[in-house]
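Below, each chain spelled out in residue letters.
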Amino acid sequence: SPHSTPTPLAASTMRSLVYCAGAFALAAGGAEAFSFAPATGVASRSPLALRQASPAVPTTRLASVTRPQRKMGVRHASLKMTLAAERTIARVVENKTKNNAQLFEKTYDMVIVGSGPVALTAAISAVAQSRSVIMVDSTDEDAVPFEACVYSSTLGRVGALRGTDCHTLTYRHALAEVALTMDFDNADDAGKGSLGKSELEGALKSAGWSGSDVSSVMACVTTDPISRDDFLAARNIASSANPLVGVCSRSAADWGKVQPRLEALLVKNHDENMETMADRNIPHVRGASFVEGQGADKLWKVAVKGTAGAGDGTIKAHKVLVATGSRSLKAEGVEYDAKKGVFDGDSIQDLSYSPKEMTIVGTQITTLEYTRSYAALGTKVTLVIPSRAEFEKNLARAGIAEAGEKFLGQLKDSGVEIILDDALSTASNSADPSSTPFAVQLASGKEIQTNALLTLLGRKANVDHLGIDSPTVGVACNTKGSILVDHNLETTAFGIYAAGDVVGGPWLANNGLDTVHAAIKSMFGLETMGERSMSSRHAGFLAKSYNAGGYAGSLDKAFPGVIDEETFIEMMTKVVNAKGFNSETAINLVSTCRDEICKPFTEKLDSMWSQHFSISSLGGFVFCGKTGFGAGMAHAPIDQNGKERYVFWAAPHIAYGVQHVAGRVYRPGRDGPSSACGALLALQGQLANAGKEGASMDISLDPDDIEMSLVRQNVLGRLDYGVVPDVVDITYASHDCIVDQVKSTAEAVVNKEMCEYVIISGVQIHGALGKNFMWPGSIKMYSNGVETDLTADYQEAIKDYKLSSWLQTEALAQVKSVSKGGRLPAIYSDIKL
């Protein structure tokens, strides 16, 4: 049905509605969802349809791909009629089905592990391209399978806009819809499905709405009588100016009415999804899955352990898509128990009473959504944000920084108590939280009495049980446990893809349903996707200041004082120039690894100094000895006083990418990942094996592998016995070994009276944007046998340098200049060891 055209909305305000207001996409006439284009204010197709109208999915196929067929103009039944159907969660759960054994006998184009919004979208998109697909639903036996609201006419577009949080997406937005339509549903007690304008206006005033809120919503209504969908549409339009329109002081809602409405929406989603899958002949089995690897036939094998004895089997497919969603992180020291009033982002679905007062703790955007919903239901909410900085970072990451802050202020004005920069310390509970409140203690000592505690402290990918990180599969994850994917959603194991919450990282706000369609076409070669190098992906991410700051902070935490490689060389050169060392008076003797990705260091150095003399060995170690040093020194200029000057540059190397994972890189011409530094990673592997019972490490000199033998002997002396270090620790130990090698060998060769030299050390880091960085280890000058530390001179030279600003500037330059096509130009180091 038509709606009045509102004033053009700012993009940030629209995003605020999407992320903060709950049920923001609306059903119009039971046929199309509508949103309002920020630039023009003209009613348009839903954001999902707009974002999916791309070369990846022909516009003409959107209807068949994005939702089940519906007759235009057909209204939805009233909520009371839906409730009367007696389709409850209990009835759905008790319907135990067996897995069809014949499904395990076939070979498929793709097996999808998961049953959330992303998984369903992928299945429908693949079937639309005439591909055979099977889904593995791993929901618990007491949970509703396929309840994700991808295709629900009322809630589906909300899920499409986020595309994440598969486990709580449905409930969160169902809760929002119930809260937003509660006053309409209460007034429509007869179950007519519509209310007259005057009848609705009177009902809203009786519910405690302010006159201005009633007017703002009624101004967006153009029909009489008004359906439930029309009311939800009007309230969402009015929410563009005030997301809290209609939120007023009232008694807590009757949960006996709220719960059935929630269940009705969730079950309706399940029924529609099952109908959609049946219409498209998408088979599914239910059970826990485990990716076993590929056989000689190059088919991926996924073992399924049937839920509640549904039947076991193995599925064979050419491709695998992992879309298993995420789970809520819990606060340490808090006992979670839904029966006693303590919930996380998943167990909140088990809430069985209407809390008079609720405390919500978290820095996630969902804290705003839940706060609004429960406030609308009459609950007095206290919102605790442990870190305002982290909260603002999450708002900025979602692109709603300004609107989110405004919304926070509106929550406060509406009566929500907001506590900033105060963490949850402890929480008791209550045997009957519906009537007896319990205490929540904050780090500041402040105590809150509450009937329910909800913590929203982030989420973690559900990948632990899948076996994808085994050597036979080879899917890499970052340090937070999220799967690493390229822009086509392909993982480091070719033929295995991942989407949704499981990929985490920079995809959290834009890895939703629209990207899945493009990935499906790409994975089957149905369309040649414009290739984006890993460097260009990094550029798009780091061009945003908060992302650049995050990566810079993580890099600096692992390597304090890290700086980009070119600036490092320039500043160190400035320092030694002031001491009389320059291209006319000195020669550079350089030891970096012989790896080709280390070459930019010497190229930059030579551009400033002229050619250098290499003293390099494996891993950047120095095994050329006195003879090698003497040869290089003999090439140094001699000044009028007969003095020679040398500058030693020494650095091992390591990879460290935007996902804060060290050790592996992708190189041009190779499909799989390789190591950096390969020698040090090999040593780490040997140390790990030596720690096993009955194993030992050979530290003798191998004549067929002399340099690695020497690396092993040198580094072992720097490590704590019995401890297997990570690659960062081994790199630091190597740095110390190399500095000692250079210092002791130089002392043995130079004529102290006739020579001056400087030793500059660090760690070369292959990082984001295809760029190298340097951790500054030391800079010391030796003259007449006296050692002088020049660290203070170096610090003065770089006092105005800020890595995050450099990263953002470089990223913006790459974004502007990057061209379509091409493969990874240099390195990409987001691989978990």
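The paragraphs below set out a description of the structure included in this document. (Residues numbered from 1 in each chain as written. Predicted model: local features only at pLDDT ≥ 70, side-chain atom pairs only at ≥ 80, totals over all residues. Heavy atoms only, no water.)

## What to know about helix 13 (residues 366-376)
Next, step 1: Burial of helix 13 is extensive: 11 of the 11 residues sit out of reach of the surface.
Next, step 2: Buried within helix 13 we find Thr366, Thr367, Leu368, Glu369, Tyr370, Thr371, Arg372, Ser373, Tyr374, Ala375 and Ala376.
Next, step 3: Positive backbone phi, at 95°, marks Gly378, one or two positions downstream of helix 13. (Buried < 20%, exposed > 50% of the residue type's maximum accessible area, 1.4 Å probe, protein only. Helix = DSSP H or I, 4+ residues; strand = E, 2+ residues; numbered from the N terminus.)

## Quick look at the packing of aromatic side chains
Next, step 1: Applying the stated criterion to the full structure yields 14 aromatic pairs.
Next, step 2: Considering the side-chain rings of Phe629 and Phe648, the 5.3 Å spacing of their centres and the 25° angle between planes classify their relative orientation as stacked. With Phe629 in helix 21 (residues 625-633) and Phe648 in strand 25 (residues 644-651), this residue pair connects regions lying 19 residues apart in the sequence. Exposure class is identical for Phe629 and Phe648. Each is buried.
Next, step 3: Feature note: the residues Phe629, Tyr646, Phe648, Tyr757 and Tyr782 constitute an aromatic cluster, connected by ring pairs.
Next, step 4: Here Lys330 stacks its cationic end above the ring of Tyr336, 4.6 Å away from the centre of that ring. (Phe/Tyr/Trp six-rings, centres within 6.5 Å; stacked < 30°, edge-to-face > 60°. Lys NZ or Arg CZ within 6 Å of the ring centre and 35° of its normal.)

## Focus: unusual backbone geometry
Most peptide bonds are trans, and most residues other than glycine sit at a negative phi.
Next, step 1: Look at the link from Asp224 to Pro225: it is a cis peptide, with omega at 10°.
Next, step 2: The topology assignment puts Pro225 in the loop between helix 10 (211-218) and strand 7 (226-227).
Next, step 3: Of note, the amide linkage connecting Ala676 to Cys677 takes the cis form, showing an omega dihedral of 5°.
Next, step 4: Along the chain, the position of Cys677 falls in the loop between strand 28 (674-675) and helix 22 (678-690).
Next, step 5: Positive phi, normally seen in glycine, also occurs at Lys298, with a value near 65°.

## Remarks on a negative patch on the surface
Next, step 1: The grouping of Asp698, Asp702, Asp704 and Asp705 at the surface amounts to a negative patch.
Next, step 2: With respect to the helices and strands, the residue Asp698 is situated in the loop between helix 22 and helix 23 (706-716). (Patch = residues over 30% accessible without salt bridge, like charges linked within 9 Å, V, L, I, M, F, W, Y side chains within 5 Å. Areas by Shrake-Rupley, 256 points an atom, 1.4 Å probe, with all protein chains shown as cover. Salt bridge = Lys/Arg side-chain N within 4 Å of Asp/Glu carboxyl O. Lys, Arg positive; Asp, Glu negative; His and termini not counted. Charge placed at Lys NZ, Arg CZ, Asp CG, Glu CD.)

## Describing the pairing of strand 14 (residues 380-385)
Next, step 1: The buried fraction of strand 14 is high, at 5 of 6 residues.
Next, step 2: Looking at chain direction, strand 13 (residues 357-362) and strand 14 are connected through 5 bridges and run parallel. Residue Glu357 lies in a different strand from strand 14, and its bridge partner there is Lys380.
Next, step 3: Chirality of the crossover, the property in question, places the unit of strand 13, helix 13 and strand 14 among those that are right-handed.
Next, step 4: Two strands pair when backbone bridges link them, and strand 14 and strand 15 (residues 417-420) are joined in this way by 4 bridges, in the parallel orientation. In the sheet register, Val384 faces strand 15, and the bridge partner there is Ile419. (Pairing = 2+ DSSP bridges. Right-handed = clockwise from strand over helix to strand, strands pointing away.)

## A few points about the pairing of strand 4 (residues 107-113)
Next, step 1: For strand 4, the buried fraction is high: 6 of the 7 residues fall into the buried class.
Next, step 2: The pairing of strand 4 with strand 10 (residues 313-322) spans 6 bridges and is parallel. Bridge pairing links Val111 to Val320 in strand 10.

## As for the sheet that holds strand 16 (residues 424-427)
Strands belonging to one sheet form pairs held by backbone hydrogen bonds; the direction of such a pair is parallel or antiparallel.
Next, step 1: One open sheet holds the 3 strands; their spatial order is 16-17-18, and the pairing between them is antiparallel. The open sheet terminates on both sides in strands that have one partner only, identified here as strand 16 and strand 18 (447-450). Within the sheet, the average angular offset between the axes of one strand and its neighbour, ignoring direction, is 25°.
Next, step 2: Pairing between strand 17 (residues 438-442) and strand 18: 4 bridges, direction antiparallel. Note that in strand 18 the partner of Ala439 across the bridge is Gln449. (Axes fitted to C-alpha atoms, helices over the stretch in contact; angles between N-to-C directions.)

## Considering the nonpolar core
Across soluble globular proteins, nonpolar side chains show a tendency to be buried alongside one another.
Next, step 1: Judged by nonpolar contacts, the single largest core of 54 residues is most densely connected at Met110, Ile112, Met135, Ile315, Ile483 and Ile496.
Next, step 2: Going through the elements one at a time, strand 4, helix 6 (117-128), strand 5 (133-137), strand 8 (284-294), strand 9 (300-306), strand 10, strand 21 (496-498) and helix 16 (513-523) are the ones with two or more residues in this core.
Next, step 3: In terms of residue count, the dominant contributor to this core is helix 6 (7 residues).
Next, step 4: In this view, Ile315 contacts Phe104, Tyr108, Val111, Ile134, Val136, Val285, Trp300, Lys301, Val302 and Val304; residues no more than four positions away in its chain are not counted. (Core = buried A, V, L, I, M, F, W, Y, C linked by side-chain atoms within 4.5 Å. Contact = heavy atoms within 4.5 Å.)

## Notes on the sheet that holds strand 15
Next, step 1: Spatially, 5 strands are ordered 12-19-13-14-15 in an open sheet, and the strand pairing comes out parallel. Where the open sheet ends on each side, the last strands, each with one partner, are strand 12 (342-343) and strand 15.
Next, step 2: Judged from the 2 bridges that link them, strand 12 and strand 19 (residues 452-456) form a sheet pairing that is parallel. Across the sheet, residue Phe343 finds its bridge partner in strand 19, namely Leu454.

## Regarding the pattern of salt bridges
Next, step 1: With the rule as written, the count across this model stands at 26 salt bridges.
Next, step 2: The salt bridge involving Asp312 is made with Lys305; its shortest N-O contact spans 3.3 Å.
Next, step 3: When the shortest N-O distance is used, the salt bridge between Lys780 and Glu787 registers 3.7 Å.
Next, step 4: The exposure class assigned to Lys780 is partly exposed, which follows from its relative accessible area of 26%.
Next, step 5: Judged by relative accessible area, which is 38%, Glu787 ranks as partly exposed.
Next, step 6: Through salt bridges that share partners, Asp639, Lys643, Arg645 and Glu756 make up one connected network.

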